[in-house]
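Chain by chain, the residues:
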Amino acid sequence: MAEHYDVIIIGTGAGGGTLAHALAGSGKRILLLERGNFLPREIENWNPRPVFVDGRYISKDTWFGPDGKPFQPQVHYFVGGATKLYGAALYRLRPEDFGELRHVDGISPAWPLSYDDFEPWYTQAEQLYQVHGNGGEDPTEGRRSAPYPWPAVSHEPRIAEISEGLEKGGYRPFHAPCGIMLDEANRPASTCIRCTWCDGYPCLVHAKSDAEVIAVRPVLGRDNVTLLTGAEVTKLETDPGGRAVTGVVVSRDGERAVYTGDIVAVCAGAANSAKLLLNSASDVHPHGLANGSDQVGRNYMFHNCKAVVALSKEKNDTVFQKTLGINDFYFATDDYEYPAGNIQMIGKSNAEAMRGEKPKLTKLSPEWTLSDVASHAVDFWLTTEDLPLPENRVTTDADGNVHLSYHPTNDAEADRLYEELKKILNHTGMAEHHVLGKNFYMDMSIPIAGCAHQAGTCRFGTDPATSALDVNCKAHELDNLYVVDTSFFPSIGAVNPALTAIANALRVGEHLTQRLTT
Ligand SMILES: Cc1cc2nc3c(=O)[nH]c(=O)nc-3n(C[C@H](O)[C@H](O)[C@H](O)COP(=O)(O)OP(=O)(O)OC[C@H]3O[C@@H](n4cnc5c(N)ncnc54)[C@H](O)[C@@H]3O)c2cc1C
Ligand code: SF4
């Protein structure tokens, strides 16, 4: 007989890991099924060559593009999911992001809940993930019911200079919200050592607020929580009426096993959650589970992003660079009628990680070596909202493989943001002709492979005809199936998505606790 649990959670990233943490205290029997293993703690964690050049922590999965060409997606299968590698920039969406926003390429739709509905969960998420930040600095941020639990991570001298230059130029830079366990008031006791190997790297000393360290590990000692690693869920089976998931089929070490749960929460990441639901098609759900509306897999978003390196004459000795954000162009401005997006810093360039860009980079400054370029570089990350188009979607083929169709939107806004960045650099000792778009995380010849911010494949809503999930993230068509990762986003805003996935998991966790205990 299949082993039975109160709740089965599939995936242990920002959504699933946090949901497990939220439910553990209920005493209910929880099974966590994670296809990956624990990310090994090894010296390579902090070495740019294995991490960026060799892709040591990227899954060997093969997905297929719209042209049928295979590619290796930038996904990370570990306990903690993508948060093991994330930059821990933990932003709230802006209140306006929950409403309808007009973009150059169309409408970003409203959510069925408001910022005020999410606010208490954002606050809890910031407490749990120990977010560092200074409320009140970011001109676009919403109301907060509590201050950040930790003061913002301080700027190092070069970034402080840039921040001051921007303020003098009339901009409103702010300290970026960040989930690292840095105690600047007591450095000897600080878990985080403030190193340069953070954004895009695993943290060797477990000081990054990722879902493994913050959410999963703390509940593993409990009798009511079981984690199975190397356990890939391949199919969900239902009762004959199709109203309840009755079997969670797992492939582990080449063996098939089936588990049952009163509640099943799919938290496999936006593309893989859609894959699992689509691959669970049956006579009663011929187009895939929870897919009577034909929404599963559609509306895939991952932001219109650009990584940019700017060179200045001064050296940039910054160790931890991700401390500054600029939201002056987040919404329409007096001279541009559309939202352009968010500017933030990313991990500091180093010569090793820049190797692949050598010809372009040395052209910027021909007399410099690559390490000169790296040591003078200041690195920015530009994020523009992309729109949820029905044709941007995940589908699966007869063998169950992921096929991803994606056409970017709002390119004009992204270009505008890049132009604004170049303008503001003139206030910071960097000239606009010393700026180059580059990408640290992936080969730009296959842009869809860069699915770090993937979201939106099972959007939530009040109308079962246009959404896959209800407002509690329960499938409209099933009584015990939930999807609790970035899949539920109806739109993605222009800030990093993880805090919203975490806040939502806490929200759904509360709903499930009530459902299971009353
Ligand atoms: C390099 C990088 C940098 C990033 N930086 C930031 C940042 O600074 N700020 C931010 O907000 N966001 C950032 N992100 C994005 C952020 O990490 C994701 O938005 C977030 O982790 C998504 O959470 P999730 O629960 O949807 O998916 P994930 O965290 O990816 O979790 C999905 C989990 O499901 C597991 N899984 C998948 N399929 C199956 C299956 N069939 N059976 C069992 N288990 C399965 C996976 O192994 C994984 O553990 C970054 C991502 C990357 C890759
Ligand atoms: S900066 Fe801190 S959290 Fe980030 S990798 Fe280094 S020690 Fe870990």
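These numbers come from a predicted model, not from an experiment.

Procedures and definitions
Residues numbered from 1 in each chain as written. Chains lettered and ligands numbered in written order. Predicted model: local features only at pLDDT ≥ 70, side-chain atom pairs only at ≥ 80, totals over all residues. Heavy atoms only, no water. Near = heavy atom within 4 Å. Polar contact = N/O pair within 3.5 Å; in protein donor to acceptor, adjacent residues only side chain to side chain. Areas by Shrake-Rupley, 256 points an atom, 1.4 Å probe, with all protein chains shown as cover. Helix = DSSP H or I, 4+ residues; strand = E, 2+ residues; numbered from the N terminus. Nonpolar A, V, L, I, M, F, W, Y, C, P; charged D, E, K, R; others polar. Buried < 20%, exposed > 50% of the residue type's maximum accessible area, 1.4 Å probe, protein only. Contact = heavy atoms within 4.5 Å. Phe/Tyr/Trp six-rings, centres within 6.5 Å; stacked < 30°, edge-to-face > 60°. Lys NZ or Arg CZ within 6 Å of the ring centre and 35° of its normal. Salt bridge = Lys/Arg side-chain N within 4 Å of Asp/Glu carboxyl O. Core = buried A, V, L, I, M, F, W, Y, C linked by side-chain atoms within 4.5 Å. Pairing = 2+ DSSP bridges. Lys, Arg positive; Asp, Glu negative; His and termini not counted. Expected span 1.5 Å × (residues − 1). Arc of directions from axis to C-beta. pLDDT = per-residue confidence, 0-100. Axes fitted to C-alpha atoms, helices over the stretch in contact; angles between N-to-C directions. Parallel < 35°, antiparallel > 145°, perpendicular 65-115°, else oblique.

Q: I'd like a description of the site of ligand 1, backed by residues and values.
A: Lining the immediate surroundings of ligand 1 are 36 residues, of which Gly15, Glu34, Gly87, Ala89 and Ala498 lie closest. Between ligand 1 and Gly15, the relevant distance is 2.8 Å, taken from an oxygen atom to a main-chain nitrogen or oxygen of the residue. Here Gly87 contributes a backbone N or O atom positioned 2.9 Å from a nitrogen atom of ligand 1. Relative to its unbound accessible area of 1000 Å², ligand 1 is 96% covered by the protein chains. Tallying contributions element by element places strand β9 (residues 231-238) first for the shell around ligand 1, with 3 residues. Here the shell around ligand 1 is built from residues that sort into 17 nonpolar, 14 polar and 5 charged.

Q: Go over the site of ligand 2 with me, naming the residues and quoting the values.
A: Around ligand 2 lies a shell of 13 residues, among which Cys192, Cys195, Trp197, Cys198 and Cys203 are the nearest. Among the residues forming the shell around ligand 2, the class breakdown is 11 nonpolar, no polar and 2 charged.

Q: Hey, could you go over the side chain of Asn327 for me, with residue numbers and the actual values?
A: Positionally, Asn327 belongs in the loop between β13 (324-326) and β14 (342-345). Among the residues examined, Asn327 registers a relative accessible area of 1% and is labelled buried. Here Thr140 takes part through its side chain, which lies 3.3 Å from a polar atom of the side chain of Asn327. When sequence neighbours within four positions are dropped, the list of residues in contact with Asn327 reads Arg94, Asp138, Thr140, Phe174, Gly341 and Asn342.

Q: For the packing of aromatic side chains, give the residues involved together with the corresponding values.
A: Within a pair of aromatic rings, the relevant descriptors are the distance that separates the centres and the angle that separates the planes. Scanning all chains against the criterion turns up 23 aromatic pairs. Aromatic side chains Trp111 and Phe489 sit 5.5 Å apart centroid to centroid with 55° between the ring planes, which places their arrangement in the tilted category. With a gap of 378 residues between them, Trp111 in the loop between β6 (106-108) and α3 (115-128) and Phe489 in the loop between β19 (481-483) and α11 (498-517) connect regions that are remote in the sequence. Taken individually, Trp111 and Phe489 each receive the classification buried, so the pair is uniform in this respect. Here the aromatic cluster, defined as three or more aromatic residues joined through ring pairs, consists of Phe98, Trp111, Tyr115, Phe118, Tyr122, Phe460, Phe488 and Phe489. Across from the ring centre of Tyr330, 5.7 Å away, lies the NZ or CZ of Arg94, which sits over that ring.

Q: Which residues make up the pattern of salt bridges, and what values go with them?
A: When their charged atoms lie close together, side chains carrying opposite charge are able to pair. A complete count under the given rule lists 26 salt bridges for this structure. Here Arg194 makes a salt bridge to Glu184, at a shortest N to O gap of 3.4 Å. Taken together, the residues span a long stretch of sequence, with Arg194 in the loop between β7 (174-175) and α5 (211-220) and Glu184 in the loop between β7 and α5 at a distance of 10 residues. Residue classification places Arg194 among the buried positions, given a relative accessible area of 10%.

Q: Report on the nonpolar core, specifying residues and quantitative values.
A: Residues Ile9, Leu33, Tyr129, Leu236, Val248 and Leu481 are the most contacted members of the largest nonpolar core, which totals 109 residues. Here this core takes 10 residues from α11, the largest share from any one element. Every residue in contact with Leu33, bar those within four places of it in the chain, is listed here: Ile8, Ile9, Ile10, Gly11, Leu228, Ala231, Val233, Val248, Val250 and Tyr259.

Q: Now, about the pairing of β9: what can you tell me, with residues and values included?
A: The pairing of β9 with strand β10 (residues 245-252) spans 7 bridges and is classified as antiparallel. Each bridged residue has a counterpart across the sheet, and for Glu237 the counterpart in β10 is Gly247. Counted along the chain from β9 to the antiparallel partner β10, the turn is 6 residues long, and its residue Gly242 has a positive phi close to 80°.

Q: Tell me about unusual backbone geometry, residues and numbers included.
A: Generally, phi is negative for residues other than glycine and the peptide bonds are trans, each holding for most cases. With phi around 60°, Ala88 is a residue other than glycine that occupies positive phi space. Along the chain, the position of Ala88 falls in the loop between β4 (70-71) and β5 (101-103). We classify Ala88 as buried; its relative accessible area is 1%. Phi is positive for Asp294, which is not a glycine, with a value near 60°. Note on Asp294: relative accessible area 33%, which makes it partly exposed.

Q: Got a sec to walk through helix α1 (residues 14-24)? Specific residues and values, please.
A: The element α1 is extensively covered by neighbouring structure, given that 9 of its 11 residues are classed as buried. Among all positions in α1, only Ala14, Gly15, Gly16, Gly17, Thr18, Leu19, Ala20, Leu23 and Ala24 are buried.

Q: Give me the side chain of Lys348: which residues, what numbers.
A: Along the polypeptide, Lys348 turns up in the loop between β14 and α7 (351-354). It is Asp379 that comes nearest to the buried, bridge-free Lys348 among opposite-charge side chains, at 4.4 Å. Here the side chain of Lys348 touches Ala377 through a polar contact of 3.2 Å, landing on its backbone oxygen. Here Lys348 is in contact with Thr196, Asn316, Thr318, Val319, Gln321, Ala374, Ser375, Ala377 and Asp379, once residues within four sequence places are set aside.

Q: Could you give an account of helix α4 (residues 157-168), naming the residues involved and the relevant values?
A: Helix length check: α4, at 12 residues, gives a terminal C-alpha distance of 16 Å against a target of 16 Å (1.5 Å per residue), a fit within 8%. Taken residue by residue, α4 has Arg158, Ile159, Ile162, Ser163, Gly165 and Leu166 as its buried positions. Along the long axis of α4, the arc covered by the buried residues comes to 160°, so they all point the same way. More than 90 degrees from the buried face of α4, the exposed residues found are Pro157 and Lys168. Gly170 sits one or two residues past α4 and shows a positive phi near 95°.

Q: Any details on the confidence of the model for the chain? Residues and values, ideally.
A: The predicted structure's coordinates, where accompanied by low pLDDT, should not be read in detail. Per-residue pLDDT for the chain averages 93, and the proportion of residues at 70 or more is 94%. Here residues 439-446 is a poorly scored stretch, pLDDT under 50, and it has 18 contacts once near neighbours within four places are set aside; other chains count.

Q: Explain the packing of α3 against α11 residue by residue, including any values.
A: In contact at an axis separation of 8 Å, α3 and α11 are set at 110° when each is read in the N-to-C sense. In terms of their interaxial angle, α3 and α11 are classed as roughly perpendicular. The residues of α11 that touch α3, namely those facing Phe118, Trp121, Tyr122, Gln124, Ala125, Glu126 and Leu128, are Leu499, Thr500, Ile502, Ala503, Asn504, Leu506, Arg507 and Glu510. Partitioned by chemical class, the residues of the contact of α3 with α11 number 9 nonpolar, 3 polar and 3 charged.

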